[in-house]
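# Structural description and commentary
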Amino acid sequence: MSEKDKRYSVVIAGGGSTFTPGFVLSLIANEDRFPLRKLKFYDNDAERQKKIGDACAIIMKERAPQIEFSYTTDPKEAFTDVDFVMGSIRVGKYHMRELDEKIPLRYGVNGQETTGPGGMAYGMRSIPAIIEIIDWMEKYSPNAWMINYSNTIAIVAEACRRLRPNAKVINICDMPVAIMTRMAHICGLNDYHDLDVNYYGLNHFGWWKEVRDKKTGKDLMPLLKKHVSENGYWIGGEYDKETEASWAETYKKAKDCYALEPETLPNTYMQYYYYPQYEVQNADPNHTRTDEIREYRQKIVFEECARIVKAGTAKGNIWEASAEHSNYIVDICHAIAYNTHEKFFANIPNNGAIANMDPDSVVEVPCWFGADGVQPMATGMAGRFQKGLMEEQQACEKLVVDAYEQHSYNKMWQAFALNKTVPDALVAKKILDDMIPENKPYWPELK
Ligand code: NAD
Ligand code: G6P
Ligand code: MN
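Residues numbered from 1 in each chain as written. Chains lettered and ligands numbered in written order. Predicted model: local features only at pLDDT ≥ 70, side-chain atom pairs only at ≥ 80, totals over all residues.

### Some details on the overall build of the chain
The number of helices and strands found in the chain is 17 helices and twelve strands. The C-alpha atoms of the chain give 21 Å as radius of gyration, which agrees with the globular expectation for 447 residues (22 Å, within 12%). A total of 447 residues make up the chain; the buried ones form 48% of that total. (Helix = DSSP H or I, 4+ residues; strand = E, 2+ residues; numbered from the N terminus. Rg over C-alpha atoms; globule rule 2.2 N^0.38 Å. Buried ≥ 20, exposed ≤ 12 C-beta atoms within 10 Å, placed from the backbone.)

### What about the environment of Tyr-272?
For Tyr-272, the location among the structural elements is in helix H10 (residues 271–274). Of the residues examined, Tyr-272 has 26 C-beta atoms within 10 Å and is grouped as buried. As for Tyr-272 and Gly-116, which are separated by 156 residues in sequence, their C-alpha atoms are 8.1 Å apart.

### Brief notes about the site of ligand 1
Taken together, 26 residues sit near ligand 1, with Gly-16, Ser-17, Asp-45, Ala-129 and Asn-151 positioned nearest. Of all elements in the fold, only helix H2 (46–63) and helix H4 (93–106) reach the threshold of two or more residues within the shell around ligand 1. Here the residues of the shell around ligand 1 are counted per class, giving ten nonpolar, ten polar and six charged. (Near = placed C-beta within 6 Å. Nonpolar A, V, L, I, M, F, W, Y, C, P; charged D, E, K, R; others polar.)

### Re the sheet that holds strand E7 (residues 195–202)
Spatial ordering of the open sheet is given by E7-E8-E9, a layout of three strands whose pairing is antiparallel. Strands at the two margins of the open sheet, each flanked by one partner only, are E7 and strand E9 (265–266). Against the sheet, helix H15 (residues 384–406) touches E7 and strand E8 (205–213), its axis set at about 55° to E7. (Pairing = 2+ DSSP bridges. Contact = placed C-beta atoms within 7 Å. Axes fitted to C-alpha atoms, helices over the stretch in contact; angles between N-to-C directions.)

### A look at the site of ligand 2
As a structural note, the neighbourhood of ligand 2 is formed by Glu-113, Thr-114, Asn-151, Cys-173, Asp-174, Met-175, Arg-289 and Ile-293. Considered class by class, the residues forming the shell around ligand 2 number three nonpolar, two polar and three charged.

### A look at the nonpolar core
Formed by 134 residues in total, the largest nonpolar core has its most connected members in Val-85, Ile-147, Ile-332 and Val-400. Tallying contributions element by element places helix H5 (residues 116–140) first for this core, with eleven residues. For Ile-332, the residues in contact, after removing those within four places along its chain, are Ile-147, Ile-172, Phe-344 and Phe-369. (Core = buried A, V, L, I, M, F, W, Y, C linked by C-beta atoms within 7 Å.)

### Considerations on the environment of Glu-138
Relative to the helices and strands, Glu-138 resides in helix H5. Expressed as a C-alpha distance, the spacing of Glu-138 and Phe-79, which sit 59 residues apart in the sequence, is 8.7 Å.

### Examining H5
Side chains of residues three or four places apart in an α-helix project in the same direction, reflecting 3.6 residues per turn. Its 25 residues give H5 an end-to-end C-alpha distance of 36 Å, which sits within 8% of 36 Å, the value for a rise of 1.5 Å per residue. Its axis deflected by about 30° at Ser-126, H5 carries its strongest bend there, up to four residues before the proline Pro-128. (Expected span 1.5 Å × (residues − 1). Bend = angle between axes of the 7 residues up to and from the residue.)

### Overview of helix H17 (residues 425–438)
Under the 1.5 Å per step criterion, the end-to-end length of H17 is 20 Å for 14 residues, consistent within 8% with the ideal 20 Å. Along H17, the positions that sit buried rather than exposed are Ala-428, Ile-431, Leu-432 and Met-435. Summarising the axial view, the buried residues of H17 lie within an arc of 100°, below the 170-degree limit, and thus occupy one face. In this structure, H17 carries Leu-426, Asp-433 and Pro-437 as exposed residues pointing more than 90 degrees from its buried face. The elements touched by buried residues of H17 are H4, H5 and helix H16 (409–418). (Arc of directions from axis to C-beta.)

### Here we look at the packing of H5 against H15
Following both chains from N to C, one finds H5 and H15 inclined at 45°, their axes separated by 10 Å at the closest point. In this view, H5 runs oblique relative to H15, as classed from their interaxial angle. Between H5 and H15 the crossing geometry is right-handed. Along the contact surface, H5 presents Met-120, Gly-123, Met-124 and Ile-127, while H15 presents Cys-396, Val-400, Ala-403 and Tyr-404. Considered class by class, the residues forming the contact of H5 with H15 number seven nonpolar, one polar and no charged. (Parallel < 35°, antiparallel > 145°, perpendicular 65-115°, else oblique. Left-handed = near helix turned anticlockwise from the far one by under 90°.)

### A closer look at the packing of helix H1 (residues 20–29) against helix H14 (residues 324–337)
Contact geometry of H1 with H14 gives a least axis separation of 8 Å together with a crossing angle of 50°. When the axes of H1 and H14 are compared, the pair comes out oblique. For the pair H1 and H14, the sense of crossing is right-handed. Seen from H1, the contacting residues are Gly-22, Phe-23, Leu-25, Ser-26 and Leu-27; seen from H14, they are His-325, Ser-326, Asn-327, Ile-329 and Val-330.

### Considering unusual backbone geometry
Outside of glycine, negative phi angles account for most residues, and trans bonds account for most peptide bonds. Here Asn-151 and Thr-152 are connected by a cis peptide whose omega angle stands at 0°. Mapped onto the elements, Thr-152 comes out in the loop between strand E5 (145–148) and helix H6 (153–163). Not every positive phi belongs to a glycine, and Asp-81 is a case in point at roughly 55°. By the secondary structure assignment, Asp-81 is in the loop between helix H3 (75–79) and strand E4 (84–87). With 13 C-beta atoms packed within 10 Å, Asp-81 lands in the partly exposed category.

### Comments concerning the environment of Pro-165
With respect to the element layout, Pro-165 can be found in the loop between H6 and strand E6 (169–171). Owing to 8 C-beta atoms within 10 Å, Pro-165 belongs among the exposed residues under this scheme. For the pair Pro-165 and Glu-62, spaced 103 residues apart in the sequence, the C-alpha separation amounts to 41 Å.

### Topic: the confidence of the model for the chain
Put simply, the chain has an average pLDDT of 97, and 98% of its residues get 70 or more. Overall fold confidence for the complex sits at a pTM of 0.98, while the interface term, ipTM, reaches 0.99. (pLDDT = per-residue confidence, 0-100.)

### Things to note about the pairing of E8
Judged from the eight bridges that link them, E7 and E8 form a sheet pairing that is antiparallel. By the bridge assignment, Asn-198 is partnered in E8 with Glu-210. Of the pairings in the sheet, the one linking E8 to E9 comprises two bridges and is antiparallel in character. Its bridge partner being in E9, Trp-208 is matched across the sheet by Leu-265.

As structure tokens, then:
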């Protein structure tokens with residue numbers, strides 16, 4: 001069989017994820033350019049995965065009967081004979097995300113999934129689970145690639161750099177492309193594919209220094225800066241009619257982030273570092289993002305799966321139009337499978353990509369994706385402001401991995417104390433001490 005006729009085998013790790021039906025719909029929609037022979041789900045929670053798996057089996061039977069579909073909790077079955085692993089696990093599930101958000105808020109510190117102490121706690125939980133999946137992939141399908149979304153990506157990527165430096169794993173984030181699709185729309189273009197950019201930073205911590213129309217080369221920064229200075233990345237109207245309230249606030253808040261550093265355009269996550277006091281004042285310590293997801297995304301996904309299973313058909317399902325998050329990961333698998341050298345984003349060891357950052361720092365930059373993985377783009381020099389911020393944040397991320405490797409209480413305490421979202425080492429200690437018993441099933445014992 002020639003490469004041209006090759007059909008691929010994919011496993012979604014985190015089969016019970018709220019994003020899984022979206023992945024399935026995107027894979028089906030892309031069958032003509034990224035054809036599959038097999039699709040599997042893997043999860044360590046059989047019950048949660050079954051609910052999504054049974055609904056997806058019906059979708060697959062109706063829409064893509066040529067693809068062999070199954071789901072399992074057995075690693076050998078899951079990772080044997082696969083070309084791509086799509087990583088979408090949440091270690092500790094929403095129960096632990098809730099604690100990541102609510103424990104810091106007890107002490108007036110921002111509570112957020114991937115930033116501040118919550119993000120560091122989550123990263124620490126993810127490290128051993130991701131390493132385990134990499135090891136299974138290498139054992140059962142040594143030629144496969146893992147494209148990983150599982151957070152906290154900056155910490156997971158640093159752990160991969162240290163612990164599995166040669167593994168075929170690429171840690172990605174959808175935030176830059178989600179923002180770029182907004183940028184494209186603001187400029188009268190369609191989506192992220194229509195833009196050519198220079199962007200640099202860390203995961204959930206970055207800036208665009210150039211945005212151009214990919215076709216014409218036209219500089220779009222002046223138009224975008226005007227829009228962001230007035231509205232942030234908010235578009236409103238029909239475009240934003242399904243946007244949840246907290247995401248609306250995030251896109252609007254980019255206006256205040258831009259005001260602080262108007263040479264570049266900020267990633268939305270800078271709000272947590274520039275304005276932590278505002279974030280805390282704006283938060284309800286008894287009702288955080290996790291509660292919203294339980295009431296909205298998770299509820300909708302699981303209710304829809306139950307409806308499909310009961311009806312025995314997926315006709316008219318809510319995922320007919322597939323989402324950015326899932327299209328992006330399929331784009332990346334396609335670029336690797338067909339060696340297209342398209343430019344997307346990855347979290348990788350710096351090695352000169354940002355000229356004035358350490359070679360061994362993990363950074364998020366545009367990269368060309370091909371059969372041999374990713375080639376980072378040289379993005380130039382980071383500004384003084386950005387460099388200062390990145391070095392502090394990155395030290396926190398490295399300290400978390402130090403704490404993991406050395407089982408060190410002090411390293412984790414230092415990581416929390418150094419973080420820009422935490423005012424003081426005593427506050428850092430109180431948060432950490434509340435988190436330790438809750439994370440006992442997932443963290444190494446810190447001494
Ligand atoms: P979810 O809780 O709905 O699903 C995660 C699934 O992972 C659950 O079914 C759970 O049982 C499973 N799981 C947990 N630990 C596991 C392990 N060790 N092995 C196998 N399965 C395991 O979560 P979600 O909200 O759908 O998010 C999934 C992941 O995607 C999270 O890590 C989230 O942070 C991440 N995410 C990342 C990006 C990005 O930009 N990188 C974007 C969106 C979501
Ligand atoms: C973006 C980020 C992800 C993060 C997600 C949280 O997509 O890139 O890394 O996990 O937002 O969204 P949620 O809707 O779960 O709060
Ligand atoms: Mn992300």
